[in-house]
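Residue strings, one per chain:
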Amino acid sequence: MSRIGRAPIAVPPGVELKLEGGVLTVKGPKGTLTQAIHPAMELDITPGEVNVKRPSELKLHKSLHGLTRSLVHNMVVGVTDGFKKELDINGVGYRVAKEGKKLVMNLGYSHQVIMEEIEGISIEAPSQNKIIISGIDKQLVGQFAADVRKKRPPEPYKGKGIKYADEVIRRKEGKTGAK
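## Re the sheet that holds strand β10 (residues 113-116)
So, point 1. Spatial ordering of the open sheet is given by β8-β9-β10, a layout of three strands whose pairing is antiparallel. Edge positions in the open sheet fall to β8 (95-99) and β10, since each of these has one partner strand only. Averaged over all pairs of adjacent strands, the angle between their axes in this sheet comes to 20°, without regard to strand direction.
So, point 2. Here four bridges tie strand β9 (residues 102-106) to β10, and the two strands are oriented antiparallel to one another.

Take a look at the structure:
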């Protein structure tokens, strides 16, 4: 039995789950999320908790068991608390600013890098070298943070670039003058 799949999902008060035609809708104080659930997986929705059950011990059903439980749990957490990713910018002259719904970044290129805020995500730039990306959809928040980081990934010699706040950059030693 999947350890992740068999764990019940606690549903806090104020969160409403509805399963119709293989599509799960979760409504909460922060918003609404929908997710298609594989037809083989069974959701046992009771007041206060949700259990995910699988029909057999097939490899496909075993792998879908934990996945489905994780997706439902992330939806419940998203509509109650939300998700947040913090990015740090290191480098001389590297800075970030928020202009309306656009994130404007100076990353050492000859031009500014501009990223448009997408629906379901909010971007904050509390300082010139910090970006906070938040939203209710974990996948959307993580993907947008990865796209921002991809604009200038951290390099191993000086550590310049965009990195996650909790990421540790493995530093390399520079060249030594051989005579």
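## Digging into the packing of aromatic side chains
So, point 1. Applying the stated criterion to the full structure yields zero aromatic pairs.
So, point 2. Sitting over the ring of Tyr-164, Lys-85 keeps its end group 5.3 Å from the ring centre.
So, point 3. Sitting over the ring of Tyr-109, Arg-152 keeps its end group 4.2 Å from the ring centre.

## A closer look at helix α2 (residues 59-80)
So, point 1. Under the 1.5 Å per step criterion, the end-to-end length of α2 is 33 Å for 22 residues, consistent within 8% with the ideal 32 Å.
So, point 2. Along α2, the residues that are buried comprise His-61, Leu-64, His-65, Gly-66, Thr-68, Arg-69, Val-72, Met-75, Val-76, Gly-78 and Val-79.

Here is what the cut-offs are and how they apply
Residues numbered from 1 in each chain as written. Predicted model: local features only at pLDDT ≥ 70, side-chain atom pairs only at ≥ 80, totals over all residues. Heavy atoms only, no water. Pairing = 2+ DSSP bridges. Helix = DSSP H or I, 4+ residues; strand = E, 2+ residues; numbered from the N terminus. Axes fitted to C-alpha atoms, helices over the stretch in contact; angles between N-to-C directions. Phe/Tyr/Trp six-rings, centres within 6.5 Å; stacked < 30°, edge-to-face > 60°. Lys NZ or Arg CZ within 6 Å of the ring centre and 35° of its normal. Expected span 1.5 Å × (residues − 1). Buried < 20%, exposed > 50% of the residue type's maximum accessible area, 1.4 Å probe, protein only.

By themselves these figures say nothing about function.
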